[in-house]
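Observations on the three-dimensional arrangement
Single-letter residue listing:
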Amino acid sequence: MLTKLSAARKAKPVRNNLRLYVAFIAFTAFFDKDDINTCLKFIDIFFVVNTIVVFFQFFVLGYEQDYLGGLFGVEKGCNGYLILFLVIVSIKSVLNYFNDNESALSCFAKCGISLLISVMAELKFFFVIFIIILIVASVITRFSWKKVFLYIVSFILIMAASVLIVEIFGENKAINIDNIIDLIFATNYSSSRDLGRFTAIPTINARFLKEPLEKLFGFGLGNCDTSSFAICNTPFYRSYSYLNYNWFSSAFLFLETGFVGLFLFLFFFVMVFVLSYKKSKQESANMLFCQMGMIMSIVCFILTFYNSSLRTETGYMAYFVLALPFVNASEVKTSRI
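Structural notes, computed from the coordinates.

1. Thoughts on the environment of V321
- Take V321: it is sitting in helix 13 (residues 315-323).
- Residues within four places of V321 in sequence aside, it is in contact with I88, M292, G293 and M296.

If you want it as structure tokens, here you go:
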């Protein structure tokens, strides 16, 4: 029995860290135009259904903040997975609107609903990501007055959302520069003992990774892992679970793989951005898919430090979008999706 548990513990980190890359390769190798079109259309359907479920959970069942996840569940922290889905919907809608493939009403409705859901789930960081999406989408698409129009509408939506979140959760939850800075640079996340989102790396580096080799390569894959079964938890997790390092991909990766592993993980997104940009210059390229890949790579880079969604099943959605630019261009239509 103990031998089987040991084998399972060793296999888990390999599976958790490599499965999304396997999915990425599979998407590029086996998906054709029909598969892609079906998946992207399903995202729109999923968005409608998820919105209905979120509203029901919030207004009828009383779930909110960390417990509001729509189709992603109602367990604490499920809203962290919801943000990745809202990001994908926003990227697709904004790019389609800028490329004249989606109506203003449809785009504004999706963006407005995404911001509203972010208010109810208290996903303040989504507002930062949404602004980044708008900026990057503007840079990589041709100029049109549609962009100015969307900027104005987005500004109004964000201001309305900021007022709404204060009405629901109080003044200390306001969406402003000071609160955003606190969100990014806070030393702790949920208690005085745990790690902050964007301060975890220096804290771990100073406190745990003492030796040069440890700083470079960490403690090794699986040596800080956790499990739903207590008996499978690693000694490190049993001693330091209060740090909540498993809530952030960057902290988890840095502990197990050091600077080298974290660099390689982030370099993948940089590589996807560069290759997607180069791909977009080819005549055979699908511009929408290349643009989606570029923006998604930037968002994934940031989400590495924000939460652990890229280590969970929701990460498949992100790697699907990252793979879009590399699907055989001859198999992909450039028509509206």
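2. Some words on the packing of helix 11 (residues 249-280) against helix 12 (residues 287-306)
- Relative orientation of the contacting elements helix 11 and helix 12 amounts to 160°, with a least axis distance of 9 Å. In terms of their interaxial angle, helix 11 and helix 12 are classed as roughly antiparallel. As for how helix 11 packs across helix 12, the hand of that crossing is left-handed. Contact residues: helix 11 offers S249, S250, F265, L266, F269, V270, V272, F273, S276, Y277, K279 and S280, while helix 12 offers M287, C290, G293, M294, S297, I298, C300, F301, T304 and F305.
- Per-class residue counts for the contact of helix 11 with helix 12 are 14 nonpolar, seven polar and one charged.

3. Quick look at the pattern of salt bridges
- On inspection of all chains with the given rule, the structure shows seven salt bridges.
- Note that D66 and K76 form a salt bridge whose closest N and O atoms lie 3.3 Å from each other. A residue pair is termed long-range when its members are at least 10 positions apart, and D66 in the loop between helix 2 (33-59) and helix 3 (79-98) and K76 in the loop between helix 2 and helix 3 qualify at 10 residues.
- Take D66: its relative accessible area is 24%, and that puts it in the partly exposed class.
- Overall, K76 belongs to the exposed group, its relative accessible area being 52%.

4. With respect to unusual backbone geometry
- Its identity as a non-glycine residue notwithstanding, Q65 has a phi of 50°, on the positive side.
- Along the polypeptide, Q65 turns up in the loop between helix 2 and helix 3.
- You can call Q65 partly exposed: its relative accessible area is 22%.
- Positive phi, close to 50°, is recorded for E122, a residue that is not glycine.
- Within the secondary structure, E122 sits in the loop between helix 4 (104-120) and helix 5 (124-140).
- The exposure class assigned to E122 is buried, which follows from its relative accessible area of 17%.

What counts and how
- Residues numbered from 1 in each chain as written.
- Predicted model: local features only at pLDDT ≥ 70, side-chain atom pairs only at ≥ 80, totals over all residues.
- Heavy atoms only, no water.
- Helix = DSSP H or I, 4+ residues; strand = E, 2+ residues; numbered from the N terminus.
- Contact = heavy atoms within 4.5 Å.
- Axes fitted to C-alpha atoms, helices over the stretch in contact; angles between N-to-C directions.
- Parallel < 35°, antiparallel > 145°, perpendicular 65-115°, else oblique.
- Left-handed = near helix turned anticlockwise from the far one by under 90°.
- Nonpolar A, V, L, I, M, F, W, Y, C, P; charged D, E, K, R; others polar.
- Salt bridge = Lys/Arg side-chain N within 4 Å of Asp/Glu carboxyl O.
- Buried < 20%, exposed > 50% of the residue type's maximum accessible area, 1.4 Å probe, protein only.

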